[in-house]
Amino acid sequence: MSNKVSPNNSIKSILESSDLSAKKNLGQNFLHDSNIINKMIEGEDINNDDTILEIGPGLGTLTKPLSSKAKHIIAVEKDRDLADWLENNVKEEGISNISIIRGDALKEIEDPDSTLNSILPKDYKVIANIPYYLTSHLIRILLEKEDRPQRITLMIQKEVAERICNRNGNSILSISVNYYADPKIIHIVSKNCFHPKPKIDSAIISLTPKEDIGNNIFTEYFFRLLKTGFSSPRKQLLKNLSQLGEREVISSILKSSGIDPEQRAETLSLSDWKNLTNAYLAALKIS
Ligand code: SAH
């Protein structure tokens, strides 16, 4: 495709002419394929009332097209050099609805007193091509946040996207994400769409948070059981879960939830874990 060559060159030339270089430790792989940029933006159904939270805007490849569709883009960038470059560039282009926060996205999202949380409205969407080292942690804190995003669209590693969408069986990651949200793979993205080129392909994934998750107590025990159940994934559930109570009691809770105590954690579906949580809470007489 003709438009693949020039944007890639322009990423390289921006980096060179601005004395910037891609920093590996910050997971910098810049997106340069305009078709993919459009796919990420279109997947979200953005309108001019929307506030978008972007993590790691880099050179603004997504940020700038987003700014012409949404009301406000709040972008958190850890690399000060890139943040300075982008802030200048946006000013030069006369774009006024992008706010850049310099900082670590994880801290900004988690800390209730952060700059981000002082300006983020209750309703917002997340769109980002993120550094891959952040993936699980970032998804977890976004989904656990009191004001959860209306929708999350992320570019992540293909195999992680497939794991989240349960393509290869249940994992602690897939059950955790599916507890909070409905995940969907929007598009598989070749590693050739990035500069520098990463070793593996990526995927655009969309997470739509569910309305009806359990209350705080249910959620707390659900994750306690899930983590303990997966603590030694090769061992039988009964063995792992016996860390949480008498072996006989755990065995009867498992049986009353329709689960064979000899099963392994990876054989349980989301609804199995929910049934197990209900049975455990009932046995503890917690509601
Ligand atoms: N979104 C851009 C850049 C992707 S590279 C694009 O699609 O081209 C990942 C970006 O995340 C880089 O800009 C990197 O500096 C930034 N980043 C890395 N760790 C971060 C963190 N903890 N918090 C915020 N930004 C981070």
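Attention in this report is confined to the structure presented alongside it. (Residues numbered from 1 in each chain as written. Predicted model: local features only at pLDDT ≥ 70, side-chain atom pairs only at ≥ 80, totals over all residues. Heavy atoms only, no water.)

1. Let's talk about the site of the ligand
In the vicinity of the ligand, 23 residues are found, and the nearest of them are Gln28, Gly56, Glu77, Asn129 and Tyr133. Between the ligand and the protein, one listed contact pairs an oxygen atom with a backbone N or O atom of Leu31 at 3.0 Å. Lys78 has a polar backbone atom sitting 3.3 Å from a nitrogen atom of the ligand. Burial of the ligand by the surrounding chains reaches 100%, relative to a free accessible area of 570 Å². Comparing atom positions with the cavity grids shows the ligand to sit within the largest pocket. Split into classes, the residues belonging to the shell around the ligand amount to ten nonpolar, eight polar and five charged. (Near = heavy atom within 4 Å. Polar contact = N/O pair within 3.5 Å; in protein donor to acceptor, adjacent residues only side chain to side chain. Areas by Shrake-Rupley, 256 points an atom, 1.4 Å probe, with all protein chains shown as cover. 1 Å grid on protein atoms, 1.4 Å probe; cavity = no way out; pocket = protein on both sides within 12 Å on 5 of 7 lines; lining within 4 Å. Sits in = over half its atoms within 2 Å of the grid points. Nonpolar A, V, L, I, M, F, W, Y, C, P; charged D, E, K, R; others polar.)

2. What to know about the environment of Lys39
Along the polypeptide, Lys39 turns up in helix 2 (residues 34-42). Residue Lys39 is classed as partly exposed on the basis of its relative accessible area, which comes to 34%. Taking the C-alpha atoms as reference points, Lys39 and Ile186, 147 residues apart in sequence, are found 8.2 Å from one another. Discounting chain neighbours no more than four positions away, the residues touching Lys39 are His187 and Ile204. (Helix = DSSP H or I, 4+ residues; strand = E, 2+ residues; numbered from the N terminus. Buried < 20%, exposed > 50% of the residue type's maximum accessible area, 1.4 Å probe, protein only. Contact = heavy atoms within 4.5 Å.)

3. What to know about the nonpolar core
In terms of nonpolar packing, the biggest core is built from 59 residues, with Leu53, Ile55, Leu154, Ile164, Phe222 and Trp273 touching the most fellow members. For Phe222, the contacting residues outside a window of four places in its chain are Ile175, Tyr179, Leu270, Trp273, Lys274 and Thr277. In terms of nonpolar packing, the next biggest core, distinct from the first, is built from 30 residues, Ile11, Ile41, Ile52 and Val189 among them. (Core = buried A, V, L, I, M, F, W, Y, C linked by side-chain atoms within 4.5 Å.)

4. Some thoughts on the state of the cysteines
In total, this model carries zero disulfides according to the counting rule given. Sulfur of Cys193: no disulfide; nearest cysteine sulfur belongs to Cys165 and is 19 Å away. (Disulfide = S-S within 2.5 Å.)

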